[in-house]
Structures are given as structure tokens and as C-alpha cells.
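Structural characterization, general
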Amino acid sequence: MPESLAIKGGSPIRNTFLPYARQSISDEDISAVNEVLRSDWLTTGPKVSEFEKEFASFVGTNDAIAVSNGTAALHTTMFTLGIAKGDEVIVPTMTFAATANAIALQKGTPIFVDSDPETLLIDTNKVEEAITENTKAIVAVDYAGQPCDYDVLSKIAENHNLFLVADACHALGATNGNKSVGSLADISTFSFHAVKPMTTGEGGMITTDNPHLPKLMREFRNHCLNNDHRERLEAGSWFYEMTNLGFNYRLTDFQCALGISQLKKVPKWTLRRQEIAQMYNNAFINIDAIKPLKVRDNISHAYHLYVIQLDTNKLSASREEIFKALRAENIGVNVHYIPTHLHPFYINHFGTKETQCPVAEAAYKNILSLPMFSSMTNDDAKDVIEGIRKVINFYSN
Ligand SMILES: *Cc1c(COP(=O)(O)O)cnc(C)c1O
């Protein structure tokens with residue numbers, strides 16, 4: 001007799017809910033924030049440039065620009081690349097909607113590219129055919145925390161004279177060969193939302209080696225004024241001019257203090273995520289109906305997400321039923337993502353439709369993200385594995 005599923009009235013694998021992601025905040029983090037709250041500068045102060053310097057040095061770029069969130073990082077990038085009406089930007093459909101939204105916010109057109117079926121990263125074989133005379137940039141997304149194939153993408157971008165952007169919101173801490181994520185494309189963007197590899201509550205960063213873009217980016221985050229409060233104070237001046245239409249995308253000094261403190265722990269946290277992933281990998285080798293995503297050679301994976309694909313031919317239940325059964329076991333599985341081109345906004349405003357990215361559409365019906373965060377214990381990970389075994393056994397054909 002299979003064990004009775006919690007969803008059918010049996011007892012759950014765990015008594016408490018295990019979320020798919022959770023932040024880690026230490027006393028050290030709290031002291032760092034407290035110190036800034038008692039200082040003169042709550043925003044546009046010295047902690048902003050300190051965080052930017054530390055971050056640039058961590059990823060190995062000349063510059064880093066702090067902004068209020070990951071979406072702001074992408075929007076600022078699209079603004080500084082001059083994306084406007086009539087411009088096309090290539091973007092994978094398998095991502096959080098903000099990647100494409102940043103293009104739409106500048107009145108550009110996102111051109112959605114399908115996924116590789118095994119990694120769910122942008123299918124590099126389908127990028128070139130999506131390029132037209134209106135294409136201005138390619139955005140790749142390091143889905144789940146795995147860096148894309150930037151060797152191939154850089155060559156395509158170079159051949160067509162396009163900017164290459166990495167939406168690295170999942171991938172802080174990952175490397176490709178001996179290079180860190182953040183330094184693999186012309187511009188990379190990060191998010192410090194609470195579920196991401198490190199957090200400032202809300203927050204974001206742009207990294208680049210380009211010598212011209214950072215000045216524009218810093219202006220755009222500050223209403224496109226040609227100087228900021230601290231610069232005016234230092235110059236003994238009140239004068240500023242607005243040169244373009246910008247936003248308030250500033251990150252506060254106390255968030256930057258939290259960021260500096262969190263960043264120090266990213267290498268240790270990445271190793272812990274890799275350990276948990278290894279436990280999952282080992283357990284799932286023997287479960288036919290489950291396929292973890294493929295990891296490319298030469299990659300150190302940041303494992304923001306641990307995504308499995310269900311082989312529903314081997315199961316008598318849909319992903320939705322498996323999802324509900326696991327939630328009832330108190331295993332906080334999740335789904336990342338509904339392919340962006342299937343959101344009503346893109347269907348209604350850009351004429352996207354089902355069938356245009358068949359691989360991502362099929363994958364979407366089979367994927368589950370398992371709990372994955374650095375403060376998970378081995379017992380938590382074992383609960384996830386046992387929960388999966390229990391539910392998959394029950395529904396196996
Ligand atoms: C989280 C995320 C964003 C947006 O970041 P926010 O800080 O939430 O605005 C963009 N792209 C991807 C891939 C993300 O995961």
C-alpha cells in the first residue's frame with residue numbers, strides 16, 4: 001500500500017511549511033543597517049558608492065550602478081541603450097516578465113525566443129534567425145542561476161553589432177570558467193529582492209566595463225539630473241538641470257549597507273545551495289518521472305532555483321495535481337515561469353500567441369521549482385526528497 005497522501009487526508013511529510021525561498025539576515029546585517037540609520041545620509045550618501053565598488057570588484061567589472069530593484073536595472077539599461085519605438089530587442093520567453101517589460105517600458109518591441117529543452121536557457125540556435133534590421137540588443141537570462149552560453153551569444157552580438165545584456169537576477173555567485181556572472185556580457189543586471197541570492201529588501205545593480213554608460217545610468221536613476229545632492233553639497237552649489245526624462249530609481253544608504261554585508265556571504269551561500277542541489281540530484285537519479293535541468297560544462301551554478309521537469313507520460317496526474325499534493329505535504333513547490341509571451345498584456349499589445357515558442361510552452365506545463373535557499377537544513381532537503389518520492393510513487397503509472 002502506498003502511504004496516504006496529505007491531500008487525501010493522510011499526514012503530511014512535515015508539520016511546518018517549507019517555502020521555496022527565504023532570505024538570511026544576521027545580527028551583523030542588522031548592525032550595518034542600524035549604523036546608517038543613525039548617520040547623516042539615508043540616501044545618495046557614501047554607502048551607495050561603497051556598495052557599488054564592492055559589487056564591481058566581486059563580479060570583476062570596472063563599474064557597478066546601484067538602483068532600486070532588478071526591474072529598474074533592466075529599464076535603466078534599455079534607456080541608456082536608447083531603445084525606443086520601432087526598436088526590437090531579443091529576449092527569452094522563459095523568464096520573469098520584467099525582462100521583457102523593460103523593453104516595452106521604452107516602447108521597444110520584445111522579440112521572444114524559445115528555450116533549449118534541457119537547460120531552459122535561451123536557445124542560442126534560434127537567436128540569429130530572430131535578428132532583423134531593427135534589432136538593437138540581445139538579452140539573455142541566466143535562468144535558475146545557470147549562466148547562458150555567452151561565448152556563442154557574444155559572437156552573434158558582435159557579428160550583428162548588437163549590445164549583449166545578461167539578466168543575471170538569478171545568478172549572482174555563479175561563474176563560467178574563470179569569469180564571474182556580471183562580467184560575461186556588455187551589461188548585466190541583478191535583483192536584491194528577498195528571494196534572490198542576496199537581498200536588500202528591494203534593490204538592484206547594473207554591472208559593466210563600458211566607459212560611457214555608467215554616467216547616463218546614474219543620471220537616469222536620479223530624474224536625469226546632471227548632478228546629485230551629494231555632488232551639489234560638495235561643490236557648495238544648489239544648481240542642477242534636467243537633461244532628459246528619468247525616474248527615481250535610487251537605492252537608499254541603509255539598503256546599500258545591508259547589501260555590503262550580504263555580499264560577503266554570497267560565496268558561502270552559493271556553496272550551500274550547490275550542496276543541496278547535489279542531494280536532490282543524487283535522489284532523483286532513481287526517479288524516472290523526474291528530470292532535473294541539465295547543467296552546462298564549465299559552470300558553477302548559483303541555484304537560485306532548483307527546477308525539475310516532470311515526465312507526465314509516466315504519471316497519472318498533471319503538474320497541477322502534483323503541485324497541490326506537494327503543497328499539502330508542506331513542501332513549498334512553485335512554478336517559474338509562465339512563458340512571458342503568453343501573458344495577456346503581450347497577447348493584447350504585441351500579438352504574441354500560443355505555438356510561437358513550443359519548447360517553452362511544453363516545459364511550462366511540466367516544471368516545478370523545489371525549495372532552495374542557503375539556510376535550509378539537510379533535514380529540510382530530506383523532507384523535500386521524501387515528499388517527492390511519496391507523491392510521485394502514488395501517481396506513477
Ligand atoms: C527578480 C527578477 C527580475 C526583477 O527584479 P525585481 O527586483 O523584482 O524588480 C527580473 N528578471 C528576473 C529574471 C528576475 O528573477
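These lines cover the structure that appears in this document, whether it is placed above or below.

Basis of the calculations
Residues numbered from 1 in each chain as written. Predicted model: local features only at pLDDT ≥ 70, side-chain atom pairs only at ≥ 80, totals over all residues. Heavy atoms only, no water. Near = heavy atom within 4 Å. Polar contact = N/O pair within 3.5 Å; in protein donor to acceptor, adjacent residues only side chain to side chain. Areas by Shrake-Rupley, 256 points an atom, 1.4 Å probe, with all protein chains shown as cover. Helix = DSSP H or I, 4+ residues; strand = E, 2+ residues; numbered from the N terminus. Pairing = 2+ DSSP bridges. Axes fitted to C-alpha atoms, helices over the stretch in contact; angles between N-to-C directions. Parallel < 35°, antiparallel > 145°, perpendicular 65-115°, else oblique. Left-handed = near helix turned anticlockwise from the far one by under 90°. Contact = heavy atoms within 4.5 Å. Nonpolar A, V, L, I, M, F, W, Y, C, P; charged D, E, K, R; others polar.

A few words on the site of the ligand. The environment of the ligand is formed by 16 residues, the closest being G70, T71, D167, S191 and K196. Between the ligand and T71, the relevant distance is 2.5 Å, taken from an oxygen atom to a side-chain nitrogen or oxygen of the residue. Compared with its free state, where it exposes 380 Å², the ligand has 92% of that area covered by protein. Of all the elements in the fold, those that place two or more residues in the shell around the ligand are helix 3 (70-80) and helix 4 (98-105).

In this section: the sheet that holds strand 6 (residues 175-176). Each strand in a sheet pairs with its neighbour through backbone hydrogen bonds, running either in the same direction (parallel) or in the opposite one (antiparallel). Pairing within the open sheet is antiparallel, and its three strands lie in the order 7-6-11. Sheet topology places strand 7 (179-180) and strand 11 (299-300) at the edges, where each strand pairs with a single neighbour. Pairing of strand 6 with strand 11 involves two bridges; the strand directions are antiparallel. Bridged to T175 within strand 11 is S300.

Right, let's get into the packing of helix 2 (residues 46-59) against helix 8 (residues 253-263). Interhelical geometry of helix 2 versus helix 8 gives an angle of 30° and a closest axis separation of 8 Å. With respect to helix 8, the axis of helix 2 lies roughly parallel. When you trace helix 2 past helix 8, the crossing you get is left-handed. On helix 8, the residues that touch P46, K47, V48, E50, F51, E54, F55 and F58 of helix 2 are D253, C256, A257, G259, I260 and L263. Within the contact of helix 2 with helix 8, the residues separate by chemical class into nine nonpolar, one polar and four charged.

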